[in-house]
Each structure stands twice: as C-alpha cells, then as structure tokens.
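A closer look at the structure
Okay, here's what each chain looks like letter by letter:
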Amino acid sequence: MASPLTADRLLSALRAEGCAVREVRSWRTNNRNHVGAWGPVHGVMIHHTATPPGADVVGLIYGGHSTLPGPLSTGCITKDGTVHLTGNGRANHAGGGDPDVLTAVRNESYGTYPPPTDEHENSAGSVDGNAHFYGFECENKGDGTDPWPRVQYVAMVKAAAAICRAHGWSAKSAIGHLEWSDWKPDPRGFDMKDFRSDLAACLALPAGRWEGEDDPMPQYVNLGLASPYTLNPGGWNSIEFTREWTDEAGDHATGGSVWARGACRFSGSLSLRVSGLRPGQTVQVRMSEYAGDELVQDHPVHELVGTSGDTFGVLPLVKRIGRGRGMRVRLLNTQDAPVTIATAVLTALIWKE
C-alpha cells in the first residue's frame with residue numbers, strides 16, 4: 001500500500017531528479033478527490049496530449065475542457081523539457097483499465113510488457129486508474145510522426161524516475177496509457193519497453209545524474225517514387241519524393257523534395273536507377289540545403305556514369321544541418337538527351353536536436 005506523495009514531496013523529488021519544474025497556478029489543490037478515491041498509488045502513466053502546435057496545452061491539462069474537467073494529469077511535460085505541475089491528487093487521465101495490468105504493475109511481476117489489456121472506460125471488468133496512477137501528459141500531436149525532442153524525452157524519464165524513486169518502485173511501475181486501456185493509442189512515437197529501459201538506467205544512478213545516452217532515439221525515414229519521371233538535360237532538379245513508406249521525422253510533405261529539416265543530424269543513403277544514360281555519360285547527384293525555397297548551400301557532387309543497360313548508383317547521406325534549413329537531393333543530366341529516373345529510394349535515420 002503506497003500513500004500518495006504530498007505536494008511538497010512531489011516537488012522536492014522532481015527537483016532532486018534534475019527536472020525543470022514550473023508550478024502552475026493553484027496546482028497543490030487542483031484535483032478530483034471529491035469524486036473518488038486518490039490512492040493507494042501503484043504507478044506512473046505516460047500519455048501524449050494529441051494537441052496541435054501552438055495550443056495552450058498546459059492550460060488544457062490544468063483546467064480540462066467542456067466534457068472532461070481538469071486536472072487531466074499530475075503534470076504536463078512540454079517540448080522544451082519543462083515539467084509543469086498541474087494537479088496534486090486524483091486527475092482525469094487514466095480512466096478505466098485492466099485489473100490484470102494493475103496487479104502486474106503493483107507487484108512489478110511482468111516481463112517486457114504488462115499483460116495485454118482488454119478493458120477500457122466503462123467496460124464490465126474495468127477498474128479505475130485515476131485512483132491509482134500519477135499521470136504525465138506529454139506535449140505531442142500523437143500522430144506517430146511528431147518528433148519527441150531529446151530534452152523532452154529525458155524530462156519524461158526523469159519525472160517518472162522522481163516518483164518511482166520516492167516510492168521505492170522499479171521501472172516496471174511506469175506504463176503507457178495504451179498498456180492500460182485497449183481504447184487508447186498513447187504514447188505514440190516510442191516504445192514503452194525502451195522507455196522502461198531508460199527509466200531503469202536512470203534509477204540505477206543517484207538522483208539527478210542520468211542525462212540519457214549520447215544520442216537520442218533516431219527517427220526513420222523511407223521515401224521513394226510512385227512512378228518513374230523524365231530528367232531533361234541541363235539545370236539542377238530536386239527529386240520530389242512521391243511515395244512514402246514511413247516518415248517518423250514528419251518533415252516530408254506529400255510529393256515534396258525536402259526530406260529532413262534542421263536542426264538535425266542524419267545518416268543514410270539514396271539508391272538510384274537511371275534508364276537511358278549512354279555509356280560514359282553522367283548524371284550528377286548532390287545534397288543541397290535550402291532556407292524555405294532559397295538555395296543556401298550545395299554539397300559535393302557524386303556522379304553516376306552510364307553503362308550498357310540501366311545505370312545504378314548509391315549516394316551516401318551523412319550530414320548535420322542547422323535550424324531553419326531543409327535538405328534536398330538534386331540531379332543534373334549532363335548528356336544531350338533526356339533520361340528516366342526509374343527508381344529513387346531514400347532511407348535515413350534522423351536525430352533531431
């Protein structure tokens with residue numbers, strides 16, 4: 001049986017863990033304790049806010065909305081890594097969930113993941129998660145492509161660690177909303193298994209020492225062409241990627257030529273197949289940095305030299321670009337007749353900064 005932390009103990013635990021904390025209005029008395037029990041507590045639940053950029057996400061989590069009164073969690077963790085304390089006590093964040101999951105979390109008795117959930121709010125076998133879980137709503141669109149900045153992710157791990165350390169819990173006391181309710185998808189964009197691994201690493205160190213790995217989680221980008229296109233002689237032309245298998249970084253618009261936006265680092269390759277390039281003739285390939293639609297920097301040229309039949313080549317993509325820059329790949333057909341870009345497949349890992 002774990003009694004909830006007082007407001008002072010919660011604040012002290014977060015600060016000791018190294019979190020940047022902001023106390024929001026009357027958070028110490030902002031709760032839903034009048035409608036149900038708060039405690040005993042057994043764990044920490046991680047959510048995404050599913051809010052668009054520019055929304056007053058902290059105000060929403062503090063006050064709620066017309067159909068769900070606030071607070072909507074213990075705290076809101078924004079993209080800049082600030083932990084905004086929005087409530088102290090019962091909050092409308094978890095809702096109904098699976099009693100088997102609650103038992104596994106309380107006993108810390110599961111393996112990589114808690115048992116699969118098949119309950120949700122108002123289902124016949126559900127139990128009230130608002131009574132037993134602290135919650136952190138973390139600012140993110142929740143579409144699976146909105147990036148999680150490293151500073152925010154580290155703050156999420158540290159906030160969970162602060163509560164787990166204060167109660168003497170292990171990393172298995174932290175779960176995602178999707179592991180509690182079969183109606184919920186959050187958090188999207190990372191795996192709770194990996195989150196718990198980072199949380200365990202944080203808890204293995206003295207409070208305030210963990211800063212994450214040297215590199216944050218990379219995002220995966222895999223783009224291509226929906227159909228071949230003609231590249232005429234003369235003039236550099238950006239490849240427009242009209243097929244998207246995945247774009248976790250979320251920087252590629254449909255049919256767009258920009259595939260990475262800074263500040264970021266990336267590593268990958270572009271595989272090309274060109275038809276109609278005569279033996280000994282060349283198609284030149286280069287990465288180019290843009291600020292909006294303005295070219296600001298070209299990178300070294302690579303050449304595809306024509307062979308009998310189709311010509312194949314691979315361009316390495318390794319670079320860092322600064323904030324406000326977008327990366328494109330451009331081609332130049334140097335022979336006097338058109339060629340066909342039959343395939344162009346871009347695969348990259350992108351580390352946001």
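Up top is the structure these notes are about.
Residues numbered from 1 in each chain as written. Predicted model: local features only at pLDDT ≥ 70, side-chain atom pairs only at ≥ 80, totals over all residues. Heavy atoms only, no water.

Some points on helix α4 (residues 150-167)
Its 18 residues give α4 an end-to-end C-alpha distance of 26 Å, which sits within 8% of 26 Å, the value for a rise of 1.5 Å per residue. Burial analysis of α4 places 14 of its 18 residues in the buried class, which makes it a mostly covered element. Just past α4, the residue Gly168 takes up positive phi, approximately 80 degrees. (Helix = DSSP H or I, 4+ residues; strand = E, 2+ residues; numbered from the N terminus. Expected span 1.5 Å × (residues − 1). Buried < 20%, exposed > 50% of the residue type's maximum accessible area, 1.4 Å probe, protein only.)

Considerations on the side chain of Thr78
With respect to the helices, strands and loops of the structure, Thr78 is situated in the loop between β5 (75-77) and β6 (82-85). Thr78 gets classed as buried once you look at its relative accessible area, which sits at 8%. For Thr78, the side chain forms a polar contact with the side chain of His84, separated by 3.0 Å. (Polar contact = N/O pair within 3.5 Å; in protein donor to acceptor, adjacent residues only side chain to side chain.)

Structural notes on the sheet that holds strand β10 (residues 174-176)
Pairing between the strands of a sheet comes from backbone hydrogen bonds, and it takes one of two forms, parallel or antiparallel. Strand order across the open sheet formed by 6 strands is β1-β6-β5-β9-β2-β10, with mixed pairing between neighbours. In the strand order of this sheet, the two ends are held by β1 (20-23) and β10, each with one partner. This sheet shows a mean twist of 25 degrees between the axes of neighbouring strands, independent of strand direction. With 4 bridges connecting them, β1 and β6 associate as parallel partners. Along β6, the bridge assignment pairs Val21 with Val83. Strands in contact with helix α1 (residues 7-16) are β1, β6 and β9 (133-138); relative to β1, the strand with the most contacts, it is inclined by about 150 degrees. Sheet contacts for α4: β2 (43-48), β5, β6 and β9; angle to β9, the most-contacted strand, approximately 170 degrees. (Pairing = 2+ DSSP bridges. Axes fitted to C-alpha atoms, helices over the stretch in contact; angles between N-to-C directions. Contact = heavy atoms within 4.5 Å.)

Focus on the packing of α4 against helix α5 (residues 192-203)
When two helices pack together, their arrangement is captured by the angle between the axes and the distance separating the axes. Where α4 contacts α5, the two axes come as close as 9 Å, and the packing angle between them is 60 degrees. When the interaxial angle is binned, α4 and α5 end up oblique. Crossing geometry of α4 relative to α5 is assigned as right-handed. Together, Tyr153, Met156, Val157, Ala160, Ala161, Cys164 and Arg165 of α4 and Asp194, Phe195, Asp198, Leu199, Cys202 and Leu203 of α5 make up the contact between the two elements. (Parallel < 35°, antiparallel > 145°, perpendicular 65-115°, else oblique. Left-handed = near helix turned anticlockwise from the far one by under 90°.)

Considering the pattern of salt bridges
Scanning the entire structure with this criterion turns up 17 salt bridges. The partner of Glu211 in a salt bridge is Lys158, and the shortest N-O contact between them spans 3.1 Å. Here the residue Glu211 occupies a position in the loop between α5 and β11 (219-224), and Lys158 occupies one in helix α4, the gap between them amounting to 53 residues. Residue classification places Glu211 among the partly exposed residues on the basis of a relative accessible area of 44%. Among the ionic pairs, Lys352 bridges to Asp251, the shortest N-O distance being 2.4 Å. Taken together, the residues span a long stretch of sequence, with Lys352 in strand β22 (residues 339-352) and Asp251 in the loop between β14 (243-247) and β15 (260-261) at a distance of 101 residues. A single burial state applies to Lys352 and to Asp251, both of which are buried. (Salt bridge = Lys/Arg side-chain N within 4 Å of Asp/Glu carboxyl O.)

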